[in-house]
Amino acid sequence: MLENWEYSKHCIDSTINSVIGLAKGWIRLYNREKSKSKSKVTRKTIYIKNTLFSYKNGVLKISIEPRRRYLEVDLTRHDYLSKDFNSIGGLLLTEGELIITFKKNVKNIEPRGWASFDVNLTNITALINGKIVRYDLKRLYHIHRVYEEKRRRIQKLSNHKPKKAKRLMEKYSRREKNRAKDFMHKLTTKIAEKFGEMESGAILENLKNIKSRVLRKSKNLNRKLSKRNARQFQFMLEYKLKWLGLPVKYVNPTKSSKTCPLCSGSMATYESRLMKCKKCGLVLDRDVVAVLNLQMWGLGVTPKALIARLRAMMEKRLIDQNSHLSIKVYQP
Ligand SMILES: [Zn+2]
C-alpha cells in the first residue's frame, strides 16, 4: 500500500487499523450468527496517533505529505477550548471536522453534596442543595420547532428540485444540530462551574434502563427530542464535572416519577403535570417527584430537610394549593 504513496504514512496505518477493526467486529457477529449483512465503511475517518502530530505554542500541526504539506490548526483562536489540559491525545480527522482529545490529570474530589437531574422536553428539573431548581429549555425546543417547519417546507420542494432540496436539508440539519449543541454547552458549562464552587456531584438517570427499542420505534417527535436532550445534557455535564474531579452517578429511573417520595406508595396523574399518591395523598409536580427519588435512590438516604418540609406542608394541607413548592426558574 505504501508503493507510490505520497501522503503521510499515518493515513495508511489508520486505514489498516480501522479495516481490521471492521473485519474483527463482523467475524464476532458472524460467529454469534448475528451478522445480517456485509460490513460497510460508513464514515471515513483517520485516527492520528500522538506521535504523528506536533503541538507547539497552541498550534497543532498534522503532516499530510511528509515535509511538504501540513494541516495547521491554531487552538488559541478558539477561546471556548479548555486551556488547563496536560496533553493532547489522539486526533480524529473526519470528512468535515477534526476531533481533538484533551487530557488532564485530575484529583478526584470527595463531594460535599449531591444534586439530581431530570431532563424533559421543555425544562431540566434539579434538586441542588435541598432546593428545587428549574432550567428552562423552551428556547431549545423553539429551535427544534423552527427547523422542523423548515424541513417540512423543503420536503415539498424535493419533488421538482431534489438536489437543491437535499443540499438545503443537510444545511438546515447541520444548523439545527449546532444551535442545539451550543445551547446545551452553555447550560452545562454554567452548571459545572457552579458545581465546581460547591464541590457537588451529580446523580443522573441511567438512560439504558429506559426501553430504547420502544423509543426508537416511537414516532412521537417530542419524546425523541426529550431523549436526545437528556443524552446530550448528560454527556456534556459528565465530562465537564469529571474534568473538575467531581463524581457522576447513574441511577435506574424506573418509576422515579410514579413512586411517592414520602411513603413509597404508587402515584397517579392528578392533573396535567401533578401526581397524587394513592396511599398518603401527597400531590406534587412529577419532575419534582423524579428528582427527589433519584437523589434518595442514588444516595440510599432521604433528603431530610426537603422531606420534612413536604411533611409539614401536608399536615397544614398547604400542599394542594402550593404543590409546586418554590421552584426557581432559570433562563439559560
Ligand atoms: Zn405517599
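Quick caveat, the model's predicted, so the values are computed rather than measured.

Q: What should I look at first to understand the overall build of the chain in this one?
A: Helices and strands together make up the secondary structure of the chain, namely seven helices and 15 strands. Reported as C-alpha extents along the three principal axes, the dimensions of the chain are approximately 85 × 55 × 45 Å. Within the chain, the fraction of its 332 residues that count as buried is 38%. A fraction of 60% describes how many contacts in the chain between residues 6 or more apart in sequence connect residues 24 or more apart. Accessible area for the chain stands at about 21,800 Å²; split by element, carbon and sulfur atoms hold 51% of it. Counting 73 positive and 29 negative side-chain charges, the chain places the centres of these two groups 5 Å from one another.

Q: Where do I start with a nonpolar patch on the surface in this structure?
A: On the surface, a nonpolar cluster with roughly 300 Å² of combined accessible area is contributed by Met1, Ile16 and Ile20. Residue placement: methionine 1 occurs in the segment before helix H1 (9-31). Taking relative accessible area as the criterion, methionine 1 reaches 67% and is therefore assigned exposed.

Q: Even after reading the chapter, I still don't get the pattern of salt bridges, so can you show me in this structure?
A: Any two side chains of opposite charge can pair, so long as their charged atoms come close to each other. Using the criterion set out here, one finds 15 salt bridges in the structure. Across the salt bridge formed by arginine 69 and glutamate 65, the nearest N and O atoms sit 2.9 Å from each other. Glutamate 65 gets classed as buried once you look at its relative accessible area, which sits at 6%. Note that arginine 152 is salt-bridged to glutamate 148, the shortest N-O span being 3.9 Å. One end of the pair is arginine 152 and the other is glutamate 148, both in helix H2 (residues 138-157) and four residues apart, which spans about a single turn. With relative accessibility at 46%, the residue arginine 152 sits in the partly exposed group. Beyond isolated ion pairs, a larger network of salt bridges with shared partners links Arg134, Arg273, Asp285 and Asp287.

Q: Would you mind showing me how to read the coordination of the zinc ion here?
A: A four-donor tetrahedral metal ideally has 109.5 degree angles, and a six-donor octahedral metal ideally has angles of 90 or 180 degrees. Distances from the zinc ion to its protein donors, namely Cys260 (SG), Cys263 (SG), Cys277 (SG) and Cys280 (SG), fall within the range 2.2 to 2.3 Å. Here the zinc ion is ringed by four donor atoms whose angles at the metal span 102 to 114°, and the overall shape comes out tetrahedral.

Q: What is the right way to look at the pairing of strand E5 (residues 87-93) in this model?
A: The side chains of a regular strand alternate, residue by residue, between the two faces of the sheet. With five of seven residues buried, E5 lies mostly within the body of the structure. With three bridges connecting them, strand E1 (residues 46-48) and E5 associate as antiparallel partners. What sits directly across from tyrosine 47, in E5, is leucine 92. Here E5 runs beside strand E6 (residues 98-103); their pairing, made up of five bridges, is antiparallel. Residue serine 87 lies in a different strand from E6, and its bridge partner there is lysine 103. Between E5 and the antiparallel strand that follows it, E6, lie four residues.

Q: Can you walk me through the confidence of the model for the chain in this structure?
A: A low pLDDT score tells you not to read the predicted coordinates there in detail. Scored by pLDDT, the chain comes out at a mean of 86, with 91% of its residues at no less than 70. Considering each helix and strand of the chain separately, the mean pLDDT is smallest for helix H4 (residues 212-217), with a value of 53, and largest for strand E10 (residues 200-205), with 97.

Q: Got a minute to help me understand the packing of helix H3 (residues 162-198) against helix H5 (residues 221-243) in this structure?
A: Two numbers describe a pair of packed helices, the interaxial angle and the distance between the axes. Running from amino to carboxyl end, H3 crosses H5 at an angle of 40°, the nearest separation of the two axes being 9 Å. Taken together, the axis directions place H3 and H5 in an arrangement best described as oblique. Considering how the two elements wind past one another, H3 and H5 form a crossing that is right-handed. The residues of H5 that touch H3, namely those facing Ala180, Lys181, Met184, His185, Leu187, Thr188, Thr189, Ile191, Ala192 and Phe195, are Asn229, Gln232, Phe233, Met236, Leu237, Tyr239, Lys240 and Leu241.

Q: Honestly, the layout of surface pockets in this entry has me stumped. Any pointers?
A: To find leftover empty space, one rolls a probe the size of a water molecule over the atoms. Of the pockets and cavities examined, the largest pocket occupies roughly 2,100 Å³. Considering the residues around the largest pocket, the lining is formed by 38 residues, among which Tyr80, Lys181, His185, Met236 and Tyr239 are closest to the centre. For the lining of the largest pocket, the element with the highest residue contribution is H3, accounting for twelve residues. Of the residues contributing to the lining of the largest pocket, the split by class is 16 nonpolar, nine polar and 13 charged.

Q: Would you take a moment to explain the side chain of threonine 188 for this structure?
A: On the secondary structure map, threonine 188 appears in helix H3. Taking relative accessible area as the criterion, threonine 188 reaches 0% and is therefore assigned buried. Not counting chain neighbours up to four residues away, the residues in contact with threonine 188 comprise Phe233, Met236, Leu237 and Lys240.

Q: Explanation requested: the sheet that holds strand E13 (residues 274-277) in the structure shown.
A: By way of backbone hydrogen bonds, the strands of a sheet pair with one another, either parallel or antiparallel. Spatially, E12-E13-E14 is the arrangement adopted by the three strands of the open sheet, whose pairing is antiparallel. Because the sheet does not close on itself, it has two edges, and the strands there are strand E12 (267-271) and strand E14 (283-285). Between one strand axis and the next, the sheet turns by 40° as a mean value, whatever way the strands run. In terms of strand pairing, E13 meets E14 through three bridges, oriented antiparallel. Within the sheet, the bridge partner assigned to methionine 275 lies in E14 and is leucine 284.

The rules we used
- Residues numbered from 1 in each chain as written.
- Predicted model: local features only at pLDDT ≥ 70, side-chain atom pairs only at ≥ 80, totals over all residues.
- Heavy atoms only, no water.
- Helix = DSSP H or I, 4+ residues; strand = E, 2+ residues; numbered from the N terminus.
- Buried < 20%, exposed > 50% of the residue type's maximum accessible area, 1.4 Å probe, protein only.
- Contact = heavy atoms within 4.5 Å.
- Areas by Shrake-Rupley, 256 points an atom, 1.4 Å probe, with all protein chains shown as cover.
- Lys, Arg positive; Asp, Glu negative; His and termini not counted.
- Charge placed at Lys NZ, Arg CZ, Asp CG, Glu CD.
- Patch = residues over 30% accessible without salt bridge, like charges linked within 9 Å, V, L, I, M, F, W, Y side chains within 5 Å.
- Salt bridge = Lys/Arg side-chain N within 4 Å of Asp/Glu carboxyl O.
- Donors = N, O, S within 2.8 Å, 3.2 Å for Na, K, Ca; no water.
- Tetrahedral: all angles 85-135°; square planar, octahedral: opposite > 155°, others 65-115°.
- Pairing = 2+ DSSP bridges.
- pLDDT = per-residue confidence, 0-100.
- Axes fitted to C-alpha atoms, helices over the stretch in contact; angles between N-to-C directions.
- Parallel < 35°, antiparallel > 145°, perpendicular 65-115°, else oblique.
- Left-handed = near helix turned anticlockwise from the far one by under 90°.
- 1 Å grid on protein atoms, 1.4 Å probe; cavity = no way out; pocket = protein on both sides within 12 Å on 5 of 7 lines; lining within 4 Å.
- Points joined across faces, edges and corners; volume = space filled by probe spheres on them.
- Nonpolar A, V, L, I, M, F, W, Y, C, P; charged D, E, K, R; others polar.

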